[in-house]
Amino acid sequence: MVVSPDKHFLAFRVSPSLREEIHEIAVNEARSISQVCELLLAEGVEAYKKDGPKFIQRLVAKQKLRSK
């Protein structure tokens, strides 16, 4: 695998169900899982820049509701 010098490798664990959902998005969009993850992360960072800690608080609240 060739990584351009302006890109860094980032690895983290996700649940099997989340990975499958990301995989489905990638297939539907004819993109790689890495491309989809990078797009979603970039949008999350932009939303955080706009809303600050409130953005994370909303995400945590949504996650708590889903786990009930």
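As the structure is a computational prediction, the values presented were derived from the model and not from experiment. (Residues numbered from 1 in each chain as written. Predicted model: local features only at pLDDT ≥ 70, side-chain atom pairs only at ≥ 80, totals over all residues. Heavy atoms only, no water.)

Caption draft 1: Representation of the pattern of salt bridges in the model. The final tally for this structure, using the stated rule, is three salt bridges. Among the salt bridges present, the one from Lys 49 reaches Glu 46, with a minimum N-O distance of 3.3 Å. In this pair, Lys 49 and Glu 46 both sit in helix 2 (residues 33–51), three residues apart, roughly one turn of the helix. Of the residues examined, Lys 49 reaches a relative accessible area of 60% and is grouped as exposed. In this structure, Arg 58 and Asp 51 form a salt bridge, with 2.7 Å as the shortest nitrogen-oxygen distance. Since its relative accessible area comes to 41%, Arg 58 is described here as partly exposed. For Asp 51, a relative accessible area of 28% translates into the label partly exposed. (Salt bridge = Lys/Arg side-chain N within 4 Å of Asp/Glu carboxyl O. Helix = DSSP H or I, 4+ residues; strand = E, 2+ residues; numbered from the N terminus. Buried < 20%, exposed > 50% of the residue type's maximum accessible area, 1.4 Å probe, protein only.)

Caption draft 2: Highlighting unusual backbone geometry. Of note, the phi angle at Ala 30 is positive, near 55°, even though the residue is not glycine. Relative to the helices and strands, Ala 30 resides in the loop between helix 1 (16–29) and helix 2.

Caption draft 3: Summary view of the packing of helix 2 against helix 3 (residues 53–67). One can describe the packing of helix 2 onto helix 3 by two numbers: an axis separation of 6 Å at closest approach and a directional angle of 120°. When the interaxial angle is binned, helix 2 and helix 3 end up oblique. Listed contacts from helix 3 to Gly 44, Ala 47, Tyr 48 and Asp 51 of helix 2 are Pro 53, Lys 54, Phe 55, Ile 56 and Arg 58. (Axes fitted to C-alpha atoms, helices over the stretch in contact; angles between N-to-C directions. Parallel < 35°, antiparallel > 145°, perpendicular 65-115°, else oblique. Contact = heavy atoms within 4.5 Å.)

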